[in-house]
Amino acid sequence: MTVGIMGNTEATIELDHRHVAHNYAPLPVVAASAEGAWITDVEGRRYLDCLAAYSAVNFGHRNPEVIATAHAQLDAVTLVSRAFHSDRLAPFCAALADLCGKDMVLPMNSGAEAVESGIKVARKWGVDVKGVKTPNIVVAHNNFHGRTTTIISFSDDETARRGFGPYTPGFRSVPFGDADALAPAVDDDTVAVLIEPIQGEAGIIVPPDDYLPRVRALCTERNVLMIADEIQSGLARTGRTFACDHWGVVPDIYLLGKALGGGVLPLSAVVADRDILGVLHPGEHGSTFGGNPLAAAIGSTVVDILRRGEFQRRSTELGAHLHARLNGLKGRGVLAVRGRGLWAGVDIDPAHGTGKQVSLRLAERGVLVKDTHGSTLRFAPPLVITADEIDWAIDRFAEVLGR
Ligand SMILES: Cc1ncc(COP(=O)(O)O)c(C=O)c1O
C-alpha cells in the first residue's frame, strides 16, 4: 500500500500508530509535499514550517540548487562504499574542510554518528598522541547530542536513559555556560570538552559571552580538544556559518550534520586538522554509506551555498525581525525569548497552555512548531522564509496565546 496517496489524515495516522515504533509523538499533520518554507498535507492544507526538520531544512524544502544536484547525481552514481574512490567525495571533503578552516573531513550519515565518531577520534588522539591510558571527556548538563547508547550515557534526560543501560563510562558533566565549573572537571586524563555552542534541545540556551572563549583558552592551556557540536546550531542557522563564530572561537573539531545533507539525505561530518583526524587508520572506523557520491555531491552544493553567505545574512536580518516580534508578546503569554538569528526558544506562560497544546493550536491555524521541555516552543523556520511570512506566523501565535 502506498501511504502517501491515501489522502486521509486519520487513516494514515492510524496506520502509523500500528506499524511505526512509538518513539516520537508527532503533531497530527501528514505531509504530502513541500516547497520552500511551506508543507502541504494529504488533504491539500498548507502549513508554514517553522521547525525546518530541526534545522535539517535550513535552505528550504526542495531547495532548487540542491535538488538539481541530486537529480544529476542520481543519473551518474549513487553508492560505491569506501571500498573504491568516487569522483565526488574528495572535492566535497576539500571544500568542507576549507569552509571550516581545517585539513580533513570524516564523512558519516546521521548526527549521532558524527558525535560517536568525534568521541572515538578524541579518545584515540588521547591515547596515541597525548599518552592518556583511560581518557575522559567533559560534557555539559542538559546536553543533547543524539540517541545512541554511548551518547545517552552522558545525557541527563531520564526519559532518554531509563531502561537503556548499562551505560558507557568516561564522561563527566558540568553546568553549561559556567567556565569556572569547567576548569576543576578537567584533569590529566581529559581528552576533550564536548559542547553545543548554543544548546538546541535544551531550549535554545545561549551561553554568557565569556563562556566559549574561556572554554577555548582552557582547552588550549590543558592540551584538551575542544569539540563543538554544530549539528543543529551550524550552517547558517544563527546568522553565521557556525555558532562559534559569534564569539570568534575556533574549536579543534566541528561536528556537522542535519543541513549538510541539504534536507535531502543524511550527511554528517567530523572536521578537524590532520594531527587529530590522522589518528584514524584503515579498518579502525567506517560506514558503508558514509561519504557516498550522492551525499557528497549534495554536500558540495551545500558548501557552495554557504560560501555565498546569503542564508547567513537572511538569518541575521530576518532573525532580528522574528525576535522583535516574539519579544513584543512578552507579558501576553510569552515569558522569555532566547536565541540567535532565525532560531528562537520561547517560554510560554503555563496559564496559556502547555507547549504541546499551543503547538497543536498553531498547527490548526497553519503554523508548524514543536515544543520542548513542556513549556518551551522552538521557532526555527527554513531560512528562505520572508518577513511577511514571519509576521503571519507570529500573528497566528498571538491569536493562539490570546485565546
Ligand atoms: C546538537 C545535536 N547533536 C546531535 C544530534 C543528533 O542528530 P541525528 O538526529 O541526526 O542523529 C542532534 C539532533 O537533534 C542535535 O541537535
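All of these numbers come straight from a predicted model, not from anything done at the bench. (Residues numbered from 1 in each chain as written. Predicted model: local features only at pLDDT ≥ 70, side-chain atom pairs only at ≥ 80, totals over all residues.)

S.K.: Just to check I follow, could you spell out the site of the ligand for this structure?
M.R.: Around the ligand, 15 residues are found, and the nearest of them are Gly111, Ala112, Gly146, Ile231 and Gln232. Per-element accounting of the shell around the ligand gives the leading share, 3 residues, to helix H5 (residues 111-130). Split by residue class, the shell around the ligand holds 5 nonpolar, 7 polar and 3 charged. (Near = placed C-beta within 6 Å. Helix = DSSP H or I, 4+ residues; strand = E, 2+ residues; numbered from the N terminus. Nonpolar A, V, L, I, M, F, W, Y, C, P; charged D, E, K, R; others polar.)

S.K.: Would you mind going over helix H3 (residues 64-74) with me for this structure?
M.R.: All of the buried residues along H3 are Val66, Thr69, Ala70 and Gln73. Down the axis of H3, the smallest arc covering the buried residues is 100 degrees, so these residues share one side. Exposed side of H3, more than 90 degrees from the buried face: Pro64, Ala68, His71 and Ala72 are the residues found there. As for H3, its buried residues are in contact with helix H11 (293-308). (Buried ≥ 20, exposed ≤ 12 C-beta atoms within 10 Å, placed from the backbone. Arc of directions from axis to C-beta. Contact = placed C-beta atoms within 7 Å.)

S.K.: In this structure, what is going on with the packing of helix H4 (residues 89-100) against H11? I would like to understand it.
M.R.: Each pair of packed helices gets described by two things: the angle between the helix axes and the distance between those axes. The geometry of H4 relative to H11 is characterised by a closest axis approach of 8 Å and an angle of 30 degrees between their N-to-C directions. In terms of their interaxial angle, H4 and H11 are classed as roughly parallel. Pair H4 / H11 crosses with left-handed handedness. Within the contact between the two elements, H4 uses Leu89, Pro91, Phe92, Ala95, Leu96 and Leu99 and H11 uses Pro293, Ala296, Gly299, Ser300, Val303, Leu306 and Arg307. Broken down by class, the residue content of the contact of H4 with H11 amounts to 10 nonpolar, 2 polar and 1 charged. (Axes fitted to C-alpha atoms, helices over the stretch in contact; angles between N-to-C directions. Parallel < 35°, antiparallel > 145°, perpendicular 65-115°, else oblique. Left-handed = near helix turned anticlockwise from the far one by under 90°.)

S.K.: Sorry if this is basic, but what is going on with the sheet that holds strand S3 (residues 46-49) here?
M.R.: Sheet strands associate in pairs through backbone hydrogen bonding, adopting either a parallel or an antiparallel arrangement. Pairing is mixed in the open sheet, where 4 strands are placed in the order S1-S2-S3-S13. Each edge of the sheet is formed by a strand with only one pairing partner; in this case those strands are strand S1 (31-35) and strand S13 (367-368). Pairing analysis gives 2 bridges linking S3 to S13, with the strands arranged parallel. Paired with Leu48 across the strands is Val367, a residue of S13. (Pairing = 2+ DSSP bridges.)

S.K.: Whenever I open this one, the domain arrangement of the protein chain confuses me. Can you help?
M.R.: Interface size is commonly expressed as the accessible area that is lost once the parts come together. Taken domain by domain, the protein chain comprises domain 1 (3-13 + 36-55 + 310-402) and domain 2 (64-308). Computed from C-alpha coordinates alone, the two centres of domain 1 and domain 2 are separated by 27 Å. Listed per partner, the contact involves 23 residues of domain 1 and 20 residues of domain 2. At the level of secondary structure, the elements contributing two or more residues to the side of domain 1 that touches domain 2 comprise helix H2 (52-55), helix H12 (310-327), strand S11 (334-339), strand S12 (344-348) and strand S15 (376-379). In terms of residues, the side of domain 1 that touches domain 2 owes the most to one element, H12, which gives 6 residues. Of the residues belonging to the side of domain 1 that touches domain 2, the class tally is 8 nonpolar, 11 polar and 4 charged. (Domains from an automatic or database assignment.)

S.K.: Just checking my understanding: could you explain the nonpolar core for this structure?
M.R.: The tendency in soluble globular proteins is for nonpolar side chains to be buried side by side. Core analysis: the biggest nonpolar cluster contains 116 residues, and Leu96, Val193, Leu225 and Val271 have the highest contact counts within it. Broken down by element, the residue count for this core peaks at 9 residues, all from H11. Setting aside anything within four residues of it in sequence, one finds Val271 in contact with Leu96, Ala97, Cys100, Lys102, Val105, Ile253, Tyr254 and Leu256. (Core = buried A, V, L, I, M, F, W, Y, C linked by C-beta atoms within 7 Å.)

S.K.: What's the story with the sheet that holds S15 in this structure? I'm lost.
M.R.: Taken in spatial order, the 4 strands make up an open sheet running S11-S12-S15-S14, and their pairing is antiparallel. Taken across any chain shown, the strands that pair with only one partner, and hence form the sheet edges, are S11 and strand S14 (370-372). On average, each strand axis in the sheet is inclined to that of its neighbour by 30 degrees, with strand direction left out of account. Looking at chain direction, S11 and S12 are connected through 5 bridges and run antiparallel. Looking at S12, one finds that Val337 is bridged to Val346. Contacts from H12 reach S11, S12 and S15, with the element oriented near 165 degrees to S11. Helix-sheet contacts for helix H13 (residues 355-364) involve S12, S14 and S15, and the interaxial angle to S14 is about 175 degrees.

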